[in-house]
Amino acid sequence: MLQLQTELEGKEIGFGDLRSRIDSLGYTIGGNWDYHKGSFDNVLWRDEGETIYLRLPFEVVEGELDNYDAQIKFQTPYVIKHVVNVGLDDDEHSLLTSTGFNQFQDPVDKDGHIANQNKWALAGEQAVEKIVRLVQ
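A. Region of the structure containing the side chain of Asp41. Here Asp41 is to be found in strand 4 (residues 37-47). Separated by 3.2 Å, the side chains of Asp41 and Ser39 make a polar contact. Within the structure, Asp41 has its side chain in polar contact with the side chain of Arg55 (distance 2.8 Å). Those residues in contact with Asp41 that sit more than four places away from it in its chain are Gly26, Tyr27, Thr28, Gly30, Leu54 and Arg55.

Listed below in structure tokens is the structure:
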């Protein structure tokens, strides 16, 4: 994981308004959200089972996350690499699709080593800068 030092940390904005504006940039709400915290995730790079994400974590400071009017405050953004197995699973009980990808399998590595860290830190910082402009 590469933590990024950006101007986004500490900024507050309405959740629904920002979400509607960053959908077109490829951001999705992270799967580990609850009513009081969450993250916006964006794929920076993907090759087969390896994906490098930019994650923009936030906490809800007013309301609840399922409410358009919730107010959120950003925490430290970071870049993370996620590695999944894209091969066929030999387990006879697995839930494979016809493509051989099991959407329910555990990742091989939730926080994989990121080679060329300077490259991905710069890519993450540049992507965050676009969000900072939307928040101001």
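Structure shown, so let's carry the discussion forward.
B. Structural view of the pairing of strand 6 (residues 71-74). Of the two faces of strand 6, the one holding Ile72 and Phe74 is buried and the one holding Gln71 and Lys73 is not buried anywhere. Pairing of strand 2 (residues 12-14) with strand 6 involves three bridges; the strand directions are antiparallel. Each residue of the ladder has a partner; that of Glu12, found in strand 6, is Lys73.

C. Structural view of a negative patch on the surface. On the surface, a cluster of negative charge is made up of Glu12, Glu59, Glu62 and Asp69. Here Glu59 shows up in strand 5 (residues 50-62). A relative accessible area of 32% places Glu59 in the partly exposed class.

Calculation rules
- In this convention, every chain numbers its residues from 1, walking through the sequence in written order.
- Selection of residues for local features in this predicted model requires a pLDDT of at least 70, selection of side-chain atom pairs for listing and counting requires 80 or more, and totals for whole chains, interfaces and linings are taken over all residues.
- To obtain the side-chain values, all non-hydrogen atoms of the structure were included, while hydrogens and water were left out.
- Where helices and strands are cited, they refer to DSSP runs of H or I of at least four residues and of E of at least two residues respectively, numbered from the N terminus.
- Two N or O atoms form a polar contact when they lie within 3.5 Å of each other; inside protein one atom must be a possible hydrogen donor and the other a possible acceptor, and for residues adjacent in sequence the pair counts only when both atoms belong to side chains.
- By definition, residues are in contact when any of their heavy atoms lie within 4.5 Å.
- Burial classification: accessible surface area is computed with a 1.4 Å probe over protein chains only, and a residue below 20% of its type maximum counts as buried, one above 50% as exposed, and the rest as partly exposed.
- Only when DSSP finds a minimum of two bridges between them are two strands counted as paired.
- Exposure above 30% relative accessible area and no salt bridge define the residues that can form patches, which grow by joining like charges within 9 Å and nonpolar side chains of Val, Leu, Ile, Met, Phe, Trp and Tyr within 5 Å.
- For the accessible areas, the method is Shrake-Rupley and the probe is 1.4 Å, while residue cover comes only from the protein chains on display.
- Whenever Lys or Arg places a side-chain nitrogen within 4 Å of a carboxyl oxygen from Asp or Glu, that contact is recorded as a salt bridge.
- His residues and chain termini do not enter the charge count, which takes Lys and Arg as positive and Asp and Glu as negative.
- Every charge is mapped to an atom, namely NZ of Lys, CZ of Arg, CG of Asp or CD of Glu.

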